[in-house]
Amino acid sequence: MAPAVFGSVIAFEDIFEVIDRDPDGKKFDKVSRFRCRSQFEADLEIDINVDIYKLDVGTRFTLVLSPTLSLDGTPEDPSYDQSGKKTLDSDYDYVMYGKVFKKEDENAGGIQKTTVIASFGGLLMRIKADPKNLQEVDIDNRVYVLIRKIA
C-alpha cells in the first residue's frame, strides 16, 4: 500500500481480489457490485460498468485513488488536454471520476478502521481500511479511481 500526500499523484493504492459479485442480487443490467479484499486487510465494495469492463470472482487487480491524472501531480485543468502526453490513466484499464461524500472512523475491539465512500456519477465505492492509508482522502475531495487487472 502506498498512501501519499493528496497533492501528489497517488493518494491510495492497494491490490484487491474479487470475493463476491452482486452479493445483494443484480439490480442493474450493465452494473455489478463487487465485494473485494486486499492482502492488507482492506475491504472494498465497488460498482463497475460490466458492459465495458469485466471482472470475475477470483480476479486480482490494483486500485488507485488519485486527485489528478497528471504524472507530476499538478491539479486538473478544466480544459481538455489534446497534447497527447502520457497521463496516469495510460497505465490502467478502467477509470472513473467522482467525489468523496462520506468518511467515518470506527474502533471495533481495539482495531481502528476508516471507511471512505465516493460516488462516480451514481456508481458507488466504499473502502474500509487502516486510517493511516486513507488519511489523505477527505470528504469533498474529487478523485479518480483507476483499476488494472493483475495477470
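Residues numbered from 1 in each chain as written. Predicted model: local features only at pLDDT ≥ 70, side-chain atom pairs only at ≥ 80, totals over all residues. Heavy atoms only, no water.

Draft legend 1. Molecular detail of the overall build of the chain. Looking only at helices and strands, the chain has 0 helices and 8 strands in total. Ordered by position from N to C terminus, the α and β elements of the chain give β-β-β-β-β-β-β-β. For 151 residues, the compact-globule formula gives about 15 Å, and the C-alpha radius of gyration of the chain, at 15 Å, lands near that figure. Of all intrachain contacts in the chain linking residues separated by at least 6 positions in sequence, the fraction that spans at least 24 positions is 58%. The chain carries 21 positive and 27 negative side-chain charges, and their two centres are separated by 3 Å. (Helix = DSSP H or I, 4+ residues; strand = E, 2+ residues; numbered from the N terminus. Rg over C-alpha atoms; globule rule 2.2 N^0.38 Å. Contact = heavy atoms within 4.5 Å. Lys, Arg positive; Asp, Glu negative; His and termini not counted. Charge placed at Lys NZ, Arg CZ, Asp CG, Glu CD.)

Draft legend 2. A look at the sheet that holds strand β2 (residues 31–38). One closed barrel holds the 8 strands; their spatial order is β1-β2-β3-β7-β6-β5-β8-β4, and the pairing between them is antiparallel. Neighbouring strand axes in the sheet, compared pairwise and without regard to direction, differ in orientation by 35 degrees on average. Bridging between strand β5 (residues 94–108) and strand β8 (residues 142–149) involves 6 bridges; their strand directions are antiparallel. Looking at β8, one finds that lysine 99 is bridged to arginine 142. (Pairing = 2+ DSSP bridges. Axes fitted to C-alpha atoms, helices over the stretch in contact; angles between N-to-C directions.)

Draft legend 3. Local environment of the environment of arginine 148. Mapped onto the elements of the fold, arginine 148 is located in strand β8. Considering only alpha carbons, one finds arginine 148 and valine 95, 53 residues apart in sequence, at a separation of 9.2 Å. Once you skip the residues sitting within four places of it in the chain, arginine 148 turns out to touch Tyr53, Phe61, Thr62, Asp91, Tyr92 and Asp93. Polar side-chain contacts of arginine 148 include one of 2.9 Å to the backbone oxygen of aspartate 91. (Polar contact = N/O pair within 3.5 Å; in protein donor to acceptor, adjacent residues only side chain to side chain.)

Draft legend 4. Here's a closer look at the packing of aromatic side chains. Counted under the stated rule, the structure contains 3 aromatic pairs. An angle of 25 degrees between the planes, with centres 6.0 Å apart, marks the rings of phenylalanine 16 and phenylalanine 61 as stacked. Pair noted here: phenylalanine 16 is in strand β1 (residues 12–21) and phenylalanine 61 is in strand β4 (residues 60–66), with a separation of 45 residues, a long-range link. Seen in terms of ring centroids, tyrosine 97 and tyrosine 144 are 4.6 Å apart; in terms of plane orientation they differ by 45 degrees. Their pairing is tilted. Here tyrosine 97 is found in strand β5, whereas its partner tyrosine 144 is found in strand β8, with 47 residues between them in sequence. Taking relative accessible area as the criterion, tyrosine 97 reaches 41% and is therefore assigned partly exposed. The side chain of arginine 148 reaches across the aromatic face of tyrosine 92, ending 4.3 Å from its centre. (Phe/Tyr/Trp six-rings, centres within 6.5 Å; stacked < 30°, edge-to-face > 60°. Buried < 20%, exposed > 50% of the residue type's maximum accessible area, 1.4 Å probe, protein only. Lys NZ or Arg CZ within 6 Å of the ring centre and 35° of its normal.)

Draft legend 5. The confidence of the model for the chain, seen in detail. Residues with a pLDDT of 70 or more make up 95% of the chain, whose mean pLDDT is 90. Contacts from residues 1–7, a stretch scored under 50 in pLDDT, to residues over four places away or in other chains number 25 contacts. (pLDDT = per-residue confidence, 0-100.)

Draft legend 6. The nonpolar core, seen in detail. Of all hydrophobic cores here, the largest spans 32 residues; its most connected members are Leu44, Ile46, Phe61, Leu63, Met125 and Ile127. Breaking this core down by element, the ones donating at least two residues are β1, β2, β3 (43–49), β4, β5, β6 (111–120), β7 (123–129) and β8. Looking at this core, the element that brings in the most residues is β7, giving 4 residues. Leave out the neighbours within four places in its chain, and leucine 44 touches Phe16, Phe34, Arg35, Cys36, Phe61, Leu63, Met125, Arg126 and Ile127. (Core = buried A, V, L, I, M, F, W, Y, C linked by side-chain atoms within 4.5 Å.)

Draft legend 7. Expanded view of the pattern of salt bridges. In this structure the tally under the stated criterion is 12 salt bridges. The salt bridge involving glutamate 41 is made with arginine 37; its shortest N-O contact spans 2.8 Å. What makes glutamate 41 partly exposed here is its relative accessible area of 46%. Residues lysine 103 and aspartate 138 are paired through a salt bridge, measuring 3.3 Å at the closest nitrogen-oxygen approach. One end of the pair, lysine 103, is in strand β5; the other, aspartate 138, is in the loop between β7 and β8, with 35 residues separating them in the sequence. (Salt bridge = Lys/Arg side-chain N within 4 Å of Asp/Glu carboxyl O.)

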